[in-house]
Amino acid sequence: MSLKVELLEQSFEQVKPQADEFISSFYDNLFADYPEAQPLFANTHMTKQKKMLLSALVMVVENLREPDVLSESLKGLGARHIKYGTLPEHYPLVGNSLIKTFGQYLEANWTEEIQQAWVEAYGAITTLMLEGAEYTPEEVAL
Ligand code: HEM
């Protein structure tokens, strides 16, 4: 993985002071743009869920320089997503909503280069999570 670590770190630092609002806006975007994702969260305690998603994103950004740690924890996370009903085709929905939310919060600091860095990072995250969930490349075909 040759991710643009510095761009990812710097852009994440910029949203951190508004982290709680950022995560809430992410779910607002996800459910507004992709209502089909909502039923998966029907029995989810959203306040807790928001904290867990934020911790997962912090974990990812803090371990960009530790690919082994990142890989192990994302595979584990992906394996747990099977029981949440998450299918490979759901990953791009979450990715698009995450990118959209970054754009809304970074505003003038949201550049083509930073967008590209996050698109690549999310692609790498998805690959690892789906590997952990033991999907074959044919089943994935995103
Ligand atoms: C970057 C990708 C993703 C990250 C970092 C992420 C992170 C998390 C985390 C940290 C949890 C808490 C439970 C645990 O740790 O096992 C969770 C739960 C969950 N995620 Fe994700 N997730 C991602 C992608 C997705 C996608 C694509 C979907 C499907 C739309 C999804 C749906 C859910 C659901 C339904 C739960 C269950 C909550 C419950 O226990 O009721 N996630 N996710």
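Higher on the page you've got the structure.
All of these numbers come straight from a predicted model, not from anything done at the bench. (Residues numbered from 1 in each chain as written. Predicted model: local features only at pLDDT ≥ 70, side-chain atom pairs only at ≥ 80, totals over all residues. Heavy atoms only, no water.)

**Some points on the site of the ligand**
Turning to step 1, where the next piece is worked out: Taken together, the neighbourhood of the ligand is formed by 18 residues, with Thr44, Gln49, Arg80, His81 and Tyr84 sitting nearest.
Turning to step 2, where the next piece is worked out: One of the side-chain N or O atoms of Arg80 is found 2.6 Å from an oxygen atom in the ligand.
Turning to step 3, where the next piece is worked out: Judged by its atoms lying within 2 Å of the grid points, the ligand is housed in the largest pocket.
Turning to step 4, where the next piece is worked out: The set of elements that each furnish at least two residues to the shell around the ligand consists of helix 3 (46–62), helix 4 (67–81), helix 5 (91–106) and helix 6 (112–132).
Turning to step 5, where the next piece is worked out: By residue number, the principal contributor to the shell around the ligand is helix 3, which donates four residues. (Near = heavy atom within 4 Å. Polar contact = N/O pair within 3.5 Å; in protein donor to acceptor, adjacent residues only side chain to side chain. 1 Å grid on protein atoms, 1.4 Å probe; cavity = no way out; pocket = protein on both sides within 12 Å on 5 of 7 lines; lining within 4 Å. Sits in = over half its atoms within 2 Å of the grid points. Helix = DSSP H or I, 4+ residues; strand = E, 2+ residues; numbered from the N terminus.)

**Thoughts on the packing of aromatic side chains**
Centre distance and the angle of the planes are the two values used to describe a pair of aromatic rings.
Turning to step 1, where the next piece is worked out: A complete count under the given rule lists nine aromatic pairs for this structure.
Turning to step 2, where the next piece is worked out: Each ring, one from Phe22 and one from Phe102, has its centre 4.8 Å from the other, and the planes form 55°; the classification is tilted. Highlighted residues: Phe22 in helix 2 (residues 19–33) and Phe102 in helix 5, separated in sequence by 80 residues.
Turning to step 3, where the next piece is worked out: Following the ring pairs from residue to residue traces out a cluster consisting of Phe12, Phe22, Phe102, Tyr105, Trp110 and Trp118. (Phe/Tyr/Trp six-rings, centres within 6.5 Å; stacked < 30°, edge-to-face > 60°.)

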